[in-house]
Amino acid sequence: QIPKDPAQRRVRELAMLSKRLQQVHPNVLAKVLKQGTVYQNEEIVVINKPYGLPVHGGPGVKNCIADVLPILAKMLENMKAEPLHLCHRLDKETTGVMVLARSKEVADRIRLLFKTRQVEKIYWAIILGEPDPAEGVVEIPIIEKEVQSHQPHYKMTLAPNYRLSPEDGKVVKIRKNRDAECAVTQYRLLARSSACSLLELKPITGVKHQIRVHLAYGLGCPVLGDHKYSHWSKLAPQKLPEVTLKRLKLEQSKARHLPLHLHAHRLSLPLGQWIDLVCKPPLFFQKTLQRLQLDIAKD
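Residues numbered from 1 in each chain as written. Predicted model: local features only at pLDDT ≥ 70, side-chain atom pairs only at ≥ 80, totals over all residues. Heavy atoms only, no water.

Turning to the overall build of the protein, a few remarks are in order. Looking only at helices and strands, one finds 8 helices and 14 strands in the protein. Its C-alpha atoms give the protein a radius of gyration of 20 Å, near enough to 19 Å, the size a compact globule of 299 residues would have. When the backbone C-alpha atoms are referred to their principal axes, the protein occupies close to 70 × 55 × 45 Å. In the protein, which comprises 299 residues, the proportion classed as buried is 47%. Sequence separation of 24 or more characterises 63% of the internal contacts of the protein that already satisfy a separation of 6 or more. The averaged location of the 29 negative side-chain charges in the protein is 6 Å from the averaged location of its 47 positive side-chain charges. (Helix = DSSP H or I, 4+ residues; strand = E, 2+ residues; numbered from the N terminus. Rg over C-alpha atoms; globule rule 2.2 N^0.38 Å. Buried < 20%, exposed > 50% of the residue type's maximum accessible area, 1.4 Å probe, protein only. Contact = heavy atoms within 4.5 Å. Lys, Arg positive; Asp, Glu negative; His and termini not counted. Charge placed at Lys NZ, Arg CZ, Asp CG, Glu CD.)

On to the pairing of strand β12 (residues 196-203), then. With respect to burial, β12 is a largely interior element, 7 of its 8 residues being buried. Sheet topology note: the strand β5 (residues 120-128)/β12 ladder contains 6 bridges and is antiparallel. The partner of Leu128 across the bridge, within β12, is Cys196. Judged from the 8 bridges that link them, strand β11 (residues 184-193) and β12 form a sheet pairing that is antiparallel. Looking across to β12, one finds that Leu189 is bridged to Leu199. (Pairing = 2+ DSSP bridges.)

A separate point is the environment of Asn41. Tracing the backbone shows Asn41 in the loop between β1 (37-40) and β2 (44-49). Here the side chain of Asn41 touches Ile44 through a polar contact of 2.8 Å, landing on its backbone nitrogen. (Polar contact = N/O pair within 3.5 Å; in protein donor to acceptor, adjacent residues only side chain to side chain.)

Here Arg212 shows up in helix α6 (residues 210-218). A relative accessible area of 6% means that Arg212 is categorised as buried. If we skip the residues at most four places from it in the chain, Arg212 touches Asp91, Glu93, Val223, Asp226, Lys228, Tyr229, Leu260 and Leu262.

Quick look at the structure:
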């Protein structure tokens with residue numbers, strides 16, 4: 001039963017985004033990933049990771065990328081059907097460039113490139129608000145903490161090395177938290193409209209949820225559809241400005257269906273020579289760009 005009202009149809013589309021991939025047979029999922037292949041050579045296979053698909057299994061996860069790698073390997077042509085190997089991870093809700101290795105040796109080599117920060121990663125995010133300044137670097141350590149609310153849960157949060165002194169308001173360095181991880185994100189404004197912005201992001205480090213935390217808590221501009229990091233004390237749907245809701249043809253009560261708009265757009269890595277990999281954002285991301293009139297200059 002497809003609703004006639006376009007706004008209801010859109011909500012339904014959004015709500016179905018990740019459910020569909022959890023309900024298909026692993027062979028069908030492998031086929032979807034094969035269709036999303038953007039590059040392959042004798043060492044690597046690169047896919048455009050779909051929205052809402054976890055990389056690893058866990059409670060309540062029926063389908064994940066790791067489980068279908070042996071099937072995908074057999075589907076790709078001229079392959080000795082050795083399973084493919086994961087080299088890095090993307091959050092379940094993040095889309096875009098994902099590198100798989102055809103052998104354990106290559107996977108280890110690529111993991112080392114990530115670890116030693118030799119891989120250049122560029123993400124695109126649609127965010128609420130506008131960063132000030134329009135271009136800069138967020139360099140604030142991140143730590144995982146338990147949030148006590150009506151449903152206790154864990155969240156990554158900022159652990160700054162500085163604070164304002166209560167006596168004179170001057171900035172003072174404080175003792176570094178032992179458990180905090182160093183986190184650095186470069187960002188640049190690409191377009192703004194309808195109380196939202198499109199940002200280009202380069203995470204220099206690779207801490208869990210780094211981009212989301214730096215944007216939400218460091219710049220006060222959470223990623224559109226990030227219901228985990230929109231409020232510190234609770235997990236709740238994001239509050240959206242009136243103009244944004246209108247353009248997206250959404251009511252605030254349906255905002256919870258809005259997916260996370262964070263996309264791994266480009267990845268460059270030195271494997272013999274530099275390999276430059278680019279993935280187009282998914283359809284829902286492109287539609288949101290159009291609806292919000294975030295026009296990006298063609299580079």
